[in-house]
Amino acid sequence: MLRLIGSHYHFRRAVPVVLQACLGKTEISLSLQTESKFLARQRAAALYARTGEVFHKARTMQGRFSGKELSSLLTFQSPVTLEPEKNAQEEEATSTPKRKSLKPREKLTGKVVRKPQSTKKKPSVLMLSDALEQFVLRNPKASTDTRDATKRTVALYIRAFGDAPVSDVGGSQAGAFRDLLLALPATLGKGKSSLTLQQEAQRAKSDGLPTLSNKSVKNHMLRLSALWNQLVQRELVTKNPWSGWHFESAPKTVRRSWTPQELALLASSSWHSALVPEPTFRLVTLIAAYTGMRLGEICTLRKEDLQTIEEVPCFMVRPHTKDGWSPKTEAGTRILPVHSKLIEAGVLALKDNTKSDYLIPGLDGSKQKDRGATLSRAFSQLKTRLGLPAEITFHSFRHTVSTQLRNASADIREIWIDKLLGHEASHRSQGTTTYLTGISIANLKQTVEAISYPETAFKKGTF
C-alpha cells in the first residue's frame, strides 16, 4: 500500500478484478506528496478509506467511470489531508528531527511531482595556476621581480606534479617538492632539456653534478608560502604547508669592491660572447662604475631617461609601466647626474640611436624578458675564465662606488650618497625623511664627480 519512489511516498492499491472494467484500472497509484513516512501513513490510511468508498459505489452503478468522475471520487480535501498533516507535524516535532514541510495540495493526482533540483552552484575548484594568476600576476602591488620569480616557481611545481587544486596541496606535497628541488642540478633551466624534473634529479645524482643551493630552494618555498598566506587569509585553504621548513645555512659569500688590479685584468680581457657585442659590454660596465646603478637599471634605460636638468645631463631611473618594469625599491626611483668621464666616452650621443627606444644598444636581440639577463650570464662566464673570486660580481661595481664615496676627501654628505645609489636614508631623522627629496642636482653632481679610477681600469673605445 505504501511505496517510496524517488524522494516521495506513493499510495498503491489493487483494483478488484470485478471492478477493473468499470474503473478502467488494475490498480490505483497516487503520490502522497511527502517525504515523511509518518505523514505518508496518515494520508495512505485516508486514501485507503476513500478507495474503499469508490469500490463500493462502483459495485452499485452500471457502466464505466469516466476519468473525470474517477478523479473526483479520489480527491480528498480537508479534513482528510489537512488535519492529519497538522497532527503529524505536532507528533513528529516531539519524536523525530524537524523536516521541511510541504504546502498542502488541494488535489492529489497520479502525476509524480519531483523535488526541484537546487540551482545553487557548487563552489568552483581553485587550481594552483589560477591562484598564481589571480593573486600574484594580477596583483598591482607585486613587483615585476616577484611576479616573474613566483611564476617560475609555480611552473616548476606544475612541471613536477601537475596543476592541482590548492586545497589538495598539503605537507606531503610540499615536502616532496622540497626534496626534489634539493636534488636538481644547479644548471637547471640554462639549456634545453627534454627530461622530466625527476629525470634531471637522477642525472645530477648519477653524474655527481652540483645541485641547487639551499638558498635557491628556500626562495622557491618562500614564494609559495607567500602565495598560500593570501589563500589562508581568504579562507580558500585551511593552512600553509610551505611555512616552517628549515634549511642548513651555507657560508655566505660577501661581495666586495673591485681592486685596481682586477679592473685592469677585466679591461685587458677579450670578449667572447656572440649574443652581446663587446662595445655594449664595455659601455654597460663603464656606466655601472661611474654611477653605481644596478645592471637591470642600466639595461632598461630609455632614450627619454637621459635628460638635461638644471643644465646638467642626468640619468633618470624610474618605472616604465608599459614594460612592467620598476626600480627594486621606492627609493630606487632617482636622478643621477652623468659623470664627466661618461660624457667624454660619448654616452650623450646614445640618444641619437634610431634603431631602438632603449638607450643601451646591442641587447634588443635577446629572447629574455629581462634585457640584462644575457649580459649577466656572459659576464659570469668571463669572470670564471679570468679566475676572479666569487666575491666579485657585476654588483661589485655598486660596492666600489659606495666605498669610494664614503671614503672621499670631498665634503659629501651621507644622504647625498644614499640618494645617488637609491638607498633608504641611513639616518632616519625627521629632517632627513622630510627633505631628502630636496637635494639639489648640484650636490648630486658633486657626489658623482668624486668617483674616480686609474687610467688602466677601463678599455678605451667609442660607443
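The present account deals with the structure reproduced in this document. Nothing here was measured: the structure is a model prediction, and the numbers come from that model.

## Looking at the overall build of the protein chain
Looking only at helices and strands, the protein chain features 18 helices and six strands. Sequence separation of at least 24 residues holds for 67% of the intrachain contacts in the protein chain that already meet a minimum separation of 6. By element, 52% of the accessible surface of the protein chain is carried by carbon and sulfur atoms, the whole surface being about 27200 Å².

## Side note on the sheet that holds strand β6 (residues 334-337)
Spatially, β4-β5-β6 is the arrangement adopted by the three strands of the open sheet, whose pairing is antiparallel. A strand with exactly one partner marks an edge of an open sheet, and here the two such strands are β4 (306-309) and β6. Averaged over all neighbouring strand pairs, the angle between strand axes comes to 40°, with direction disregarded. Sheet analysis places β4 next to strand β5 (residues 312-317), joined by four bridges and oriented antiparallel. Bridge pairing in β5 links Q307 to C314. Across the sheet, helix α18 (residues 441-448) lies against β4, β5 and β6, angled at about 60° from β6, the strand it touches most.

## Structural notes on the pattern of salt bridges
For the structure shown, the criterion picks out 13 salt bridges. For the salt bridge of E27 with R12, the shortest nitrogen-to-oxygen distance reads 2.9 Å. Taken together, the positions of E27 in strand β3 (residues 27-31) and R12 in strand β2 (residues 8-14) put the pair 15 residues apart, joining distant regions of the chain. Of the residues examined, E27 reaches a relative accessible area of 30% and is grouped as partly exposed. Two residues, R302 and D357, come together in a salt bridge whose shortest N-O distance is 4.0 Å. Of the two residues, R302 is situated in the loop between α12 (295-299) and β4 and D357 in the loop between α13 (340-344) and α14 (373-386); the sequence distance between them amounts to 55 residues. With relative accessibility at 11%, the residue R302 sits in the buried group. Residues joined in a network through salt bridges with shared partners are R294, E297 and R334.

## Topic: helix α15 (residues 396-406)
Among all positions in α15, only S396, F397, R398, T400, V401, S402 and L405 are buried. Where α15 is buried, its residues meet α10 (260-268), α11 (278-291), β6, α16 (414-421) and α18.

## Focus: the sheet that holds strand β1 (residues 2-5)
Across the sheet, three strands lie side by side as β1-β2-β3; this open sheet has antiparallel pairing. Strands with a single pairing partner mark the edges of an open sheet, and in this sheet they are β1 and β3. For this sheet, the mean angle separating the axes of adjacent strands, direction not counted, is 30°.

## Description of the packing of aromatic side chains
In the structure shown here, the tally under the stated rule is 15 aromatic pairs. Consider the rings of F379 and F394, whose centres lie 5.4 Å apart with planes at 85°: the pair is edge-to-face. With F379 in helix α14 and F394 in the loop between α14 and α15, this pair connects stretches of sequence that are 15 residues apart. An identical accessibility class is assigned to F379 and F394; each is buried.

## Here we look at unusual backbone geometry
Leave glycine aside and you will find that most residues have negative phi; peptide bonds, for their part, are mostly trans. One non-glycine residue, Q33, lies in the positive phi region at around 55°. Assignment of secondary structure puts Q33 in the loop between β3 and α2 (37-60). One non-glycine residue with positive phi stands out, namely E310, at about 50°. Counting through the fold element by element, E310 comes out in the loop between β4 and β5. The class of E310 is exposed, set by a relative accessible area of 58%.

## Some remarks on α2
The periodicity of an α-helix, 3.6 residues per turn, causes residues three or four places apart in sequence to face the same way. For α2, spanning 24 residues, the distance from its first C-alpha to its last is 35 Å, which sits close to the expected 34 Å at 1.5 Å a residue. Between the side-chain oxygen at the start of α2 and the backbone nitrogen of F38 there is a gap of 3.4 Å, and the oxygen is on S36.

## Points about the nonpolar core
One finds F315, L375, F397 and Y453 to be the most contacted residues of the largest nonpolar core, which totals 59 residues. In terms of residues, this core owes the most to one element, α11, which gives eight residues. With near-sequence residues (within four places) excluded, Y453 lies in contact with L263, A289, Y290, T400, V401, Q404 and F458. In this structure, V166, A174, A201 and L224 belong to the second largest nonpolar core, which totals 29 residues.

Analysis parameters
- Residues numbered from 1 in each chain as written.
- Predicted model: local features only at pLDDT ≥ 70, side-chain atom pairs only at ≥ 80, totals over all residues.
- Heavy atoms only, no water.
- Helix = DSSP H or I, 4+ residues; strand = E, 2+ residues; numbered from the N terminus.
- Contact = heavy atoms within 4.5 Å.
- Areas by Shrake-Rupley, 256 points an atom, 1.4 Å probe, with all protein chains shown as cover.
- Pairing = 2+ DSSP bridges.
- Axes fitted to C-alpha atoms, helices over the stretch in contact; angles between N-to-C directions.
- Salt bridge = Lys/Arg side-chain N within 4 Å of Asp/Glu carboxyl O.
- Buried < 20%, exposed > 50% of the residue type's maximum accessible area, 1.4 Å probe, protein only.
- Phe/Tyr/Trp six-rings, centres within 6.5 Å; stacked < 30°, edge-to-face > 60°.
- Expected span 1.5 Å × (residues − 1).
- Polar contact = N/O pair within 3.5 Å; in protein donor to acceptor, adjacent residues only side chain to side chain.
- Core = buried A, V, L, I, M, F, W, Y, C linked by side-chain atoms within 4.5 Å.

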